[in-house]
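In case you want the letters, here they are:
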Amino acid sequence: MIETSRLILRPWREDDAEYLFKYAQDPDVGPIAGWPSHTSVENSLEIIRTVFAAPETYAVVLKETNEPIGSCGIMFSNGLPSAEMKSGEAEIGYWIGKPYWGQGLIPEAVKALLSRCFNELSLITVWCGYYDGNVKSKRVCEKSGFRYHHTNKDITSPLGDKRTEHFYIMTKEDFHAL
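A few points on the structure. (Residues numbered from 1 in each chain as written. Predicted model: local features only at pLDDT ≥ 70, side-chain atom pairs only at ≥ 80, totals over all residues. Heavy atoms only, no water.)

A look at the overall build of the protein chain
A tally of regular secondary structure across the protein chain gives 6 helices and 8 strands. Each helix (α) and strand (β) of the protein chain, taken in turn from the N terminus, gives the series β-β-α-α-α-β-β-β-α-β-α-β-β-α. Relative to the 2.2 N^0.38 estimate, which gives 16 Å for 178 residues, the radius of gyration of the protein chain is 15 Å and therefore close to what a compact globule would have. The C-alpha extent of the protein chain, read off along each of the three principal axes, is 40 × 35 × 30 Å. (Helix = DSSP H or I, 4+ residues; strand = E, 2+ residues; numbered from the N terminus. Rg over C-alpha atoms; globule rule 2.2 N^0.38 Å.)

See the structure below:
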């Protein structure tokens, strides 16, 4: 468990399925990040049991309500990252329910994950990427201190369509200079 001023980052639990569905069914949330909107509470439960069961995958829980309102995680080269990574590197991914957009909650969560990456997991580089048009994810990268690295065109997203993906990077030195 990781705690910030407004959030608790903790593993997903099966009893979170209704909350997950509440936010992940929104067509403005998943597809822009490359994953399909959830179709039912059962679909969300299956995601919790499979995708969200991966190590270092966290429910973003609002302290004020104790409700999971999004997800964030650290993906390593042996998982399913978007970035091409070497040993000692990872990628951070995230999303948050639409009612919580623009409140700085995901940058707060990302900063906590960056601290874990560099101070506890001894990583040397962390990547973060977003698909063209996802300006909110771009802002998270920038607010969190990542710097632009490169763009890949004609990437096949998990939805099967071709997209342009922009990659940002942060090194351990960058993090400690923030």
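Right, picking up where we left off after that structure.
Things to note about the nonpolar core
Leu 9, Ile 92, Tyr 94, Leu 114 and Phe 146 are the most contacted members of the largest nonpolar core, which has 48 residues in total. The dominant element in this core, judged by the number of residues it contributes, is helix α4 (residues 105-120), at 9 residues. When residues no more than four places from it in sequence are discounted, the contact partners of Tyr 94 are Ser 71, Cys 72, Ile 106, Val 110, Cys 128, Ser 137, Val 140 and Cys 141. (Core = buried A, V, L, I, M, F, W, Y, C linked by side-chain atoms within 4.5 Å. Buried < 20%, exposed > 50% of the residue type's maximum accessible area, 1.4 Å probe, protein only. Contact = heavy atoms within 4.5 Å.)

Details of the packing of helix α1 (residues 17-24) against helix α3 (residues 41-49)
Two elements in contact, α1 and α3, have axes whose closest approach is 8 Å; the angle formed by their N-to-C orientations is 110°. Considered as vectors, α1 and α3 are oriented roughly perpendicular to each other. Contacts from Ala 17, Glu 18, Leu 20 and Phe 21 in α1 reach Val 41, Ser 44, Leu 45, Ile 47 and Ile 48 in α3. Of the residues assigned to the contact of α1 with α3, the class counts are 7 nonpolar, 1 polar and 1 charged. (Axes fitted to C-alpha atoms, helices over the stretch in contact; angles between N-to-C directions. Parallel < 35°, antiparallel > 145°, perpendicular 65-115°, else oblique. Nonpolar A, V, L, I, M, F, W, Y, C, P; charged D, E, K, R; others polar.)

Points about the pairing of strand β3 (residues 57-62)
Counted residue by residue, β3 has 6 buried out of 6 residues, so it is predominantly covered. By the alternation rule, side chains of β3 split into Thr 57, Ala 59 and Val 61 and Tyr 58, Val 60 and Leu 62, which are all buried. Pairing analysis gives 4 bridges linking strand β2 (residues 7-10) to β3, with the strands arranged antiparallel. Paired with Leu 9 across the strands is Val 60, a residue of β3. For β3 and strand β4 (residues 67-76), the ladder comprises 6 bridges, and the chain directions are antiparallel. Pairing of Ala 59 across the sheet is with Ser 71, part of β4. From the end of β3 to the start of β4, which pair antiparallel, there are 4 residues, and Asn 66 there has a positive phi angle of about 60°. (Pairing = 2+ DSSP bridges.)

What to know about the pairing of strand β7 (residues 147-156)
As judged from the 7 bridges shared by β7 and strand β8 (residues 162-171), these two strands associate in the antiparallel manner. In the sheet register, Thr 156 faces β8, and the bridge partner there is Lys 162. Hairpin geometry of β7 and β8 is characterised by an intervening segment of 5 residues between the two adjacent antiparallel strands and by a positive phi of about 95° at Gly 160.

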